[in-house]
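# Structural features, examined
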Amino acid sequence: MFSKCEGWTKEDYIREFRLMWEWIAEKTEERREFVGKLEYLEGRFKGYGGEDMMNDCFLCEFCSSKGCYAPDCDKCPIDWGTDKNGLSLLCDDGAALFEKWVFTGRWQEAAEYAREIAELPEKGDIE
């Protein structure tokens with residue numbers, strides 16, 4: 001567990017997740033180039049080395065605090081949507097916005113996906 005998140009509530013993790021993705025969207029549009037999570041984390045936590053937080057993700061860190069580790073992420077507090085068969089997605093499923101963000105080759109799409117990720121709804125049943 002990332003020590004700088006000790007004592008955080010579910011709401012703290014979600015708030016930081018949303019702030020990070022909004023920042024990524026804004027910086028991507030501002031610079032007109034792809035901007036990643038690591039840059040945000042290095043600015044947010046001085047001395048962040050890229051291996052401190054699970055998957056460089058506040059939600060994965062929340063899950064790890066609940067004893068869940070990727071790719072078995074059933075405790076993720078964010079609803080990543082459903083696939084064409086109505087099955088729930090995880091962030092790393094090919095149809096999920098995160099994977100679209102990772103694999104787009106266009107900064108414009110990356111900014112759009114980042115903003116959509118920041119606005120994903122919460123699941124109601126995860127504590």
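Residues numbered from 1 in each chain as written. Predicted model: local features only at pLDDT ≥ 70, side-chain atom pairs only at ≥ 80, totals over all residues. Heavy atoms only, no water.

### Details of the overall build of the chain
In terms of helices and strands, the chain carries five helices and zero strands. Counting from the amino terminus, helix and strand elements in the chain follow one another as α-α-α-α-α. At 14 Å, the chain has a C-alpha radius of gyration in line with the 14 Å of a compact globule built from 127 residues. If you line up the chain on its principal axes, its C-alpha atoms span 45 × 40 × 20 Å. Taking all 127 residues of the chain together, the buried fraction comes to 39%. Counting contacts in the chain only where the partners sit at least 6 residues apart, residues at least 24 apart contribute 53% of the total. (Helix = DSSP H or I, 4+ residues; strand = E, 2+ residues; numbered from the N terminus. Rg over C-alpha atoms; globule rule 2.2 N^0.38 Å. Buried < 20%, exposed > 50% of the residue type's maximum accessible area, 1.4 Å probe, protein only. Contact = heavy atoms within 4.5 Å.)

### Here's the deal with helix α5 (residues 107-118)
Side chains of residues three or four places apart in an α-helix project in the same direction, reflecting 3.6 residues per turn. For α5, spanning twelve residues, the distance from its first C-alpha to its last is 16 Å, which sits close to the expected 16 Å at 1.5 Å a residue. The complete set of buried residues in α5 reads Ala110, Ala111, Tyr113, Ala114, Ile117 and Ala118. The buried residues of α5 occupy an angular sector of 165 degrees when the element is viewed end-on, so they sit on one face. Buried residues belonging to α5 abut α1 (10-31) and α4 (97-103). (Expected span 1.5 Å × (residues − 1). Arc of directions from axis to C-beta.)

### Observations regarding the packing of α1 against helix α2 (residues 37-44)
α2 packs onto α1 with a crossing angle of 115 degrees between their chain directions and a minimal axis gap of 9 Å. Taken as axis vectors, α1 and α2 run roughly perpendicular relative to one another. You can see that α1 and α2 cross each other, and the crossing is right-handed. Side by side, α1 and α2 meet where Glu16, Leu19, Met20, Trp21, Trp23, Ile24 and Arg31 of the first sit next to Lys37, Glu39, Tyr40, Leu41 and Arg44 of the second. (Axes fitted to C-alpha atoms, helices over the stretch in contact; angles between N-to-C directions. Parallel < 35°, antiparallel > 145°, perpendicular 65-115°, else oblique. Left-handed = near helix turned anticlockwise from the far one by under 90°.)

### Section: the packing of aromatic side chains
Counting across every chain of the model gives ten aromatic pairs. Taking the centre distance of 6.2 Å and the plane angle of 50 degrees together, the rings of Phe45 and Phe58 count as tilted. Of this pair, Phe45 sits in the loop between α2 and α3 (58-65) while Phe58 sits in helix α3; the two residues are 13 residues apart in sequence, bridging distant segments of the chain. Grouped by ring-pair contacts, the aromatic residues Trp8, Tyr13, Phe45, Phe58 and Phe62 constitute a single cluster. (Phe/Tyr/Trp six-rings, centres within 6.5 Å; stacked < 30°, edge-to-face > 60°.)

### Thoughts on the packing of α1 against α5
Put simply, α1 and α5 touch, their axes get as near as 8 Å, and they point 160 degrees apart. Between α1 and α5, the crossing angle belongs to the class labelled roughly antiparallel. For the element pair α1 and α5, the recorded crossing hand is left-handed. Residues Phe17, Arg18, Trp21, Glu22, Ile24, Ala25, Glu26, Thr28 and Glu29 of α1 lie in contact with α5, whose contacting residues are Trp107, Ala110, Ala111, Ala114, Arg115, Ile117 and Ala118.

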